[in-house]
Amino acid sequence: MKKILCVISALSLFCVPVFADGSATQPQSSIVTEYYTDDYLSDFSADDTLAAATSPGEMELDAKSAILMDQMTGKVLYELNADDRLPPASVTKVMSLLLIAEAIDSGKIKLDDTVTCSEHAMSKGGSQIWLEVGETMTVDQLLKATAVGSANDATTALAEHVAGSEEGFVARMNERAAELGMKNTNFVNCTGLDADNHYTSARDIAIMSSELMKHEFIQDYTTIWMDTLRGGQTQLVNTNKLVRFYQGATGLKTGTTDKAGHCLSATATRDGLNLVAVVLGSSTGKSRFASAKKLLDYGFANFESKIIAVADDLLHDVNVTGGTVKKIGVEPNGTLGVLINKGDAENIKTEIKLPDSVEAPITAGDTVGHAVISLSGDEIGQIDLIATQTAEKMTYWRGVVRLAMALFKA
């Protein structure tokens, strides 16, 4: 079966041009392909026959830097030189995609907006869809070209559409990085082509990747394996092979240049656990995927994600002193997401901490207590308990009015 898949995959890539992630400009007539050998396919079989590592020390990675992070909590499950400043190649586009996604969700731009290619966008080398000056595409089409084909010309056209210029867009990329607490990042361009002083770190990439995945619609693009543009004339094949060969893959972005080596930010979801694995500076394209797979396998084999909710039967009303009401109800202010070792869920306990009474005035939404969540006796988080109603302070004149109304009713 693997041999048949191998032949089909190879033949399909020769039908129309494919634009792969790379640093050298390709002539429009060229065909860039990656061959799927039996050995290659075995690395990404959904039928995993080898047990995942049970400890970080068991993993051998081909990478200068790497990290495995839980997207929900930001908890780091594995790291290797995670704060080293390294060139990220086209993994840079994670930040570009984030700014584009934010512009779409805020209504600043729309998926059906028409974008006209500039001379600057056309001049970009490396991976591209060969846009011509004056050629138009929609944001939707360019977003697909960026997320699937890692097209530098498409990314630049979108950057100009969002910010007016690539320079303005890059300035916003760096501002957003600072807002997210990315301490080892400086962007010089929106594409990831090698440039002096253009760097980031595995940790920072995991942070911005997790932020991007909060925009759920982006997975409509990052999970595409093959698609076309220009009425079928331009074929796109996802540069991230995990999208096809790894169970639960949701994205995200590859990168390859001479300076950066082979890089990858890989996101995946299984049973409510959302992970991001970042690998920088691998020696080959195949080894970056194998390394990311090892990281993800380790995470899914050893951890689970739980959403803790406070049960209604644990809560009770709280007395009010000096108020216009004698009691107020309370409710949890949301839930708590936690990452735990597999099998530890039965050791999670919830302890309600509410005072016997509270002093008026109390406004609906005020915090009046906490639900303390613990795992095997150690606190792992809290959920605020808030008032469900307002209790005004009883004043002399409010008392007089109440007494008068009571006498009137009598």
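Residues numbered from 1 in each chain as written. Predicted model: local features only at pLDDT ≥ 70, side-chain atom pairs only at ≥ 80, totals over all residues. Heavy atoms only, no water.

S.K.: Summarise the pairing of strand β11 (residues 318-321); cite the residues concerned and give the values.
M.R.: Side chains Val318 and Val320 of β11 all project onto a buried face; the interleaved residues Asn319 and Thr321 project onto a face where none is buried. Across 2 bridges, the pairing between β11 and strand β12 (residues 327-328) is antiparallel. Residue pairing in the sheet places valine 318 in a bridge with isoleucine 328 of β12. (Buried < 20%, exposed > 50% of the residue type's maximum accessible area, 1.4 Å probe, protein only. Helix = DSSP H or I, 4+ residues; strand = E, 2+ residues; numbered from the N terminus. Pairing = 2+ DSSP bridges.)

S.K.: Break down unusual backbone geometry for me, citing the residues and quoting the values.
M.R.: The omega angle of the peptide bond from glycine 251 to leucine 252 is 25°, so this bond is cis rather than trans. Note that leucine 252 resides in strand β7 (residues 249-257). For aspartate 271, which is not glycine, the phi dihedral falls at a positive 50°. Examined against the element boundaries, aspartate 271 turns out to sit in the loop between β8 (261-270) and β9 (273-282). Accessibility expressed as a relative area gives 79% for aspartate 271, which makes it exposed.

S.K.: Pulling in residues and values, what's your account of the pattern of salt bridges?
M.R.: Applying the stated rule across the entire model yields 14 salt bridges. Ionic pairing is found between aspartate 83 and arginine 203, a salt bridge with its closest N-O pair at 2.7 Å. Linking aspartate 83 in the loop between β2 (76-80) and α3 (93-105) with arginine 203 in helix α8 (residues 202-212), this pair joins segments that are 120 residues apart in sequence. Note that glutamate 359 and lysine 393 form a salt bridge whose closest N and O atoms lie 4.0 Å from each other. You can see glutamate 359 sitting in strand β16 (residues 357-359) and its partner lysine 393 sitting in the loop between β18 (378-387) and α12 (396-409), a full 34 residues away along the chain. Owing to a relative accessible area of 39%, lysine 393 belongs among the partly exposed residues under this scheme. Through salt bridges with shared partners, a single network forms among Glu102, Arg172, Glu175, Arg176, Glu179, Glu211 and Lys214. (Salt bridge = Lys/Arg side-chain N within 4 Å of Asp/Glu carboxyl O.)

S.K.: With reference to specific residues and values, describe the packing of α3 against helix α5 (residues 139-149).
M.R.: Where α3 meets α5, the axes come as close as 11 Å, and the angle between the chain directions of the two elements is 155°. In terms of orientation, α3 and α5 fall into the roughly antiparallel class. Note that α3 runs across α5; the crossing there is left-handed. Side by side, α3 and α5 meet where Lys93, Leu97, Ile100 and Ile104 of the first sit next to Val139, Leu143, Thr146 and Ala147 of the second. Along the lines of polarity and charge, the residues of the contact of α3 with α5 split into 6 nonpolar, 1 polar and 1 charged. (Axes fitted to C-alpha atoms, helices over the stretch in contact; angles between N-to-C directions. Parallel < 35°, antiparallel > 145°, perpendicular 65-115°, else oblique. Left-handed = near helix turned anticlockwise from the far one by under 90°. Contact = heavy atoms within 4.5 Å. Nonpolar A, V, L, I, M, F, W, Y, C, P; charged D, E, K, R; others polar.)

S.K.: Break down the packing of aromatic side chains for me, citing the residues and quoting the values.
M.R.: As enumerated under the stated definition, the model contains 3 aromatic pairs in all. Both rings, one in phenylalanine 217 and one in tyrosine 221, keep their centres 6.5 Å apart while their planes meet at 85°; by these two values the pair is edge-to-face. Taken individually, phenylalanine 217 and tyrosine 221 each receive the classification buried, so the pair is uniform in this respect. With 6.1 Å between their ring centres and 70° between their planes, tryptophan 225 and phenylalanine 245 make a pair best called edge-to-face. In this pair, tryptophan 225 sits in the loop between α9 (219-222) and β5 (226-229) while phenylalanine 245 sits in helix α10 (residues 242-245), placing the two residues 20 residues apart along the sequence. Its relative accessible area of 16% is what places tryptophan 225 among the buried residues. (Phe/Tyr/Trp six-rings, centres within 6.5 Å; stacked < 30°, edge-to-face > 60°.)

S.K.: So what's going on with α5? Residues and values would help.
M.R.: Here α5 lies mainly inside the structure; 9 of its 11 residues are buried. Turning to α5, its buried residues number three or more, namely Val139, Leu142, Leu143, Lys144, Ala145, Thr146, Ala147, Val148 and Gly149. A positive backbone phi angle near 55° is found at serine 150, which sits one or two residues after α5.

S.K.: Please give an account of the sheet that holds β16 that cites residues and values.
M.R.: Read from one edge of the open sheet, 3 strands run β12-β11-β16, paired in mixed fashion. Strands at the two margins of the open sheet, each flanked by one partner only, are β12 and β16.

S.K.: Lay out the confidence of the model for the protein in plain terms, naming residues and giving numbers.
M.R.: In this model, the protein carries a mean pLDDT of 87, and residues with pLDDT of at least 70 account for 84%. Overall, residues 1-50 carries pLDDT values under 50, and its contacts beyond four positions in sequence, including any with other chains, amount to 88 contacts. (pLDDT = per-residue confidence, 0-100.)

S.K.: Requested: an account of the pairing of strand β17 (residues 367-375), with residues and values cited.
M.R.: Counting buried residues along β17, 7 of its 9 residues qualify, which places the element largely inside the surrounding structure. In this sheet, β17 lies alongside strand β15 (residues 348-353) in antiparallel orientation, the contact comprising 6 bridges. In the strand pairing of β17, lysine 349 is matched with serine 374. Both β17 and β18 contribute to a ladder of 8 bridges, which runs antiparallel. Counterpart to valine 372 in the pairing with β18 is glutamine 382. As consecutive antiparallel partners, β17 and β18 are separated by 2 residues, and within that stretch serine 376 has a phi angle of approximately 50°, a positive value.

S.K.: So, the environment of asparagine 238: which residues are in play, and what are the values?
M.R.: Along the polypeptide, asparagine 238 turns up in the loop between β6 (234-237) and α10. On the basis of relative accessible area, asparagine 238 is assigned to the buried category, the value being 1%. For the pair formed by asparagine 238 and isoleucine 224, sequence separation is 14 residues and the distance between their alpha carbons is 6.7 Å. Here threonine 222 takes part through its backbone oxygen, which lies 3.4 Å from a polar atom of the side chain of asparagine 238. (Polar contact = N/O pair within 3.5 Å; in protein donor to acceptor, adjacent residues only side chain to side chain.)

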